[in-house]
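Observations on the three-dimensional arrangement
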Amino acid sequence: MTRLATFNVNSIRRRVPHLRRFLARHNPDLVFLQELKCRTEEFPALELADTGYELRAVGQPGGRNGVAVLGRIPFEVTAETLPGDEADGQARFVAVRAAGMDLAGIYLPNGNSGGEDGFGYKLRWMERLADWVQARLDAFAPVAVLGDFNVCPTDADLAPGALPPTDALVRPESRARFRMLLHAGMTDALQALHPQDAPYTYWDYGPAFESNRGLRIDHVLLSPELAERLVACGVDVAARAEEQPSDHAPVWCDVR
DNA sequence: ATGGCTAGAGAGTCTAGA
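Residues numbered from 1 in each chain as written. Chains lettered and ligands numbered in written order. Predicted model: local features only at pLDDT ≥ 70, side-chain atom pairs only at ≥ 80, totals over all residues. Heavy atoms only, no water.

Going by an unreviewed UniProt entry, chain A carries the name Exodeoxyribonuclease III and comes from Roseicella aerolata. If you open the UniProt record of chain A and go to Sequence similarities (unreviewed entry), you find "Belongs to the DNA repair enzymes AP/ExoA family." (UniProt positions renumbered as here; feature names shortened; annotations may be inferred.)

Next comes the structure, spelled out in structure tokens:
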């Protein structure tokens, strides 16, 4: 059994205790982090050294974006950029090979800033992600994509009225590109195991959590072989109820 | 439909998040 997880920490330097508690509660074999909001060399590796996890951080100057992977099983980093993103300097992608799987941790562009250019960047990023996935599906590789997709796949994936229909997280163009991944053969693990009761993974700061006005935007997508091996998937909603939490909750899944 | 939070940068309020 392998447990995979994803957690948008909204600043790793503010969330070390939360991450440590998540690791202790759920003991994932591999966890991808998003929104480090620090440079690579600022990642608080020493504060996590005693957890026994190996880590690779991909940070970015300016306190934006940033992704990382932590593993208590061996992993090999195969990419730190999504093909096509090499020049833009945004730390949004890390890929590893572990336990015979090709795994990507992603922080997909939000798409609400920068006008139509910003939204176009999001859509093109999603198309490049689909290319990355398709290449591995064509090779029949077991592949999983975990992370903050910044997309509510359907209207069931957000509290009614939580976002206007013009928001980049719910716009039809964003949803169409998410469906491209599903049509290629990927399975939304949480939706597959919890078709009627998939929890949200994000709640805005303020009163949103107590009233459960949330969004489901953090996802685990599995290739067909991995989907057949999927046995459990969940959201660690308790993490969102802690003191000074991230606005996201971790998502985890188990594959045989 | 946000910014009523939160975080970062950096020194006054911006930008960005979703």
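Let's shift gears to the packing of aromatic side chains. Going through the model one piece at a time under the given rule, you end up with 4 aromatic pairs. A ring pair is formed by Phe-93 and Trp-132, whose centres lie 5.5 Å apart and whose planes are at 80°; its orientation type is edge-to-face. A residue pair is termed long-range when its members are at least 10 positions apart, and Phe-93 in strand E6 (residues 93–98) and Trp-132 in helix H2 (residues 115–138) qualify at 39 residues. Like Phe-93, the residue Trp-132 is buried in the burial classification. Both rings, one in Phe-149 and one in Phe-178, keep their centres 5.8 Å apart while their planes meet at 80°; by these two values the pair is edge-to-face. With Phe-149 in the loop between strand E8 (143–148) and helix H3 (172–183) and Phe-178 in helix H3, this pair connects stretches of sequence that are 29 residues apart. According to the relative accessible area criterion, Phe-149 is buried, its value standing at 0%. (Phe/Tyr/Trp six-rings, centres within 6.5 Å; stacked < 30°, edge-to-face > 60°. Helix = DSSP H or I, 4+ residues; strand = E, 2+ residues; numbered from the N terminus. Buried < 20%, exposed > 50% of the residue type's maximum accessible area, 1.4 Å probe, protein only.)

Moving on, we come to the protein's contact with DNA strand B. Close to DNA strand B lie 26 residues, the nearest being Ser-11, Asn-110, Ser-113, Asp-204 and Leu-215. Counting only the atoms of DNA strand B that lie within 4 Å of the protein, the sugar and phosphate share comes to 85%. At 2.9 Å from a phosphate oxygen of DNA strand B is found a side-chain nitrogen or oxygen belonging to Arg-14. Among the residues making up the surface near DNA strand B, the classes are represented as 8 nonpolar, 10 polar and 8 charged. (Near = heavy atom within 4 Å. Polar contact = N/O pair within 3.5 Å; in protein donor to acceptor, adjacent residues only side chain to side chain. Nonpolar A, V, L, I, M, F, W, Y, C, P; charged D, E, K, R; others polar.)

The subject of this paragraph is the side chain of Asp-254. Relative to the assigned elements, Asp-254 resides in strand E14 (residues 251–255). Polar side-chain contacts of Asp-254 include one of 2.7 Å to the side chain of Arg-3. If near-sequence neighbours (up to four positions away) are discounted, Asp-254 is found in contact with Met-1, Thr-2, Arg-3, Arg-229, Leu-230, Val-231 and Ala-232. (Contact = heavy atoms within 4.5 Å.)

Turning next to H2. The first and last C-alpha atoms of H2 sit 35 Å apart over 24 residues, in line with the 34 Å expected at 1.5 Å per residue. Positive phi appears at Phe-140, one or two residues downstream of H2, with a value of about 60°. (Expected span 1.5 Å × (residues − 1).)

Here the focus is the nonpolar core. A general feature of soluble globular proteins is that nonpolar side chains tend to end up buried together. Counting 32 residues, the largest nonpolar core has Leu-4, Leu-30, Phe-32, Leu-103 and Leu-222 as the members making the most contacts within it. When near neighbours in sequence (up to four residues on either side) are disregarded, Phe-32 contacts Ala-5, Thr-6, Phe-7, Ala-68, Val-69, Val-94, Val-96, Leu-103, Ala-104, Gly-105 and Leu-146. (Core = buried A, V, L, I, M, F, W, Y, C linked by side-chain atoms within 4.5 Å.)

Taken in spatial order, the 6 strands of this open sheet run E3-E4-E2-E1-E14-E13, and their pairing is mixed. Each having just a single partner strand, strand E3 (54–58) and strand E13 (230–235) make up the two edges of the open sheet. Adjacent strand axes in the sheet meet at a mean angle of 10°, parallel and antiparallel pairs treated alike. Here 5 bridges tie strand E1 (residues 2–8) to strand E2 (residues 30–34), and the two strands are oriented parallel to one another. In the strand pairing of E2, Leu-4 is matched with Leu-30. The strands that helix H1 (residues 16–26) touches are E1, E2, strand E4 (67–71) and E14; relative to E1, the one it contacts most, it runs at about 155°. (Pairing = 2+ DSSP bridges. Axes fitted to C-alpha atoms, helices over the stretch in contact; angles between N-to-C directions.)

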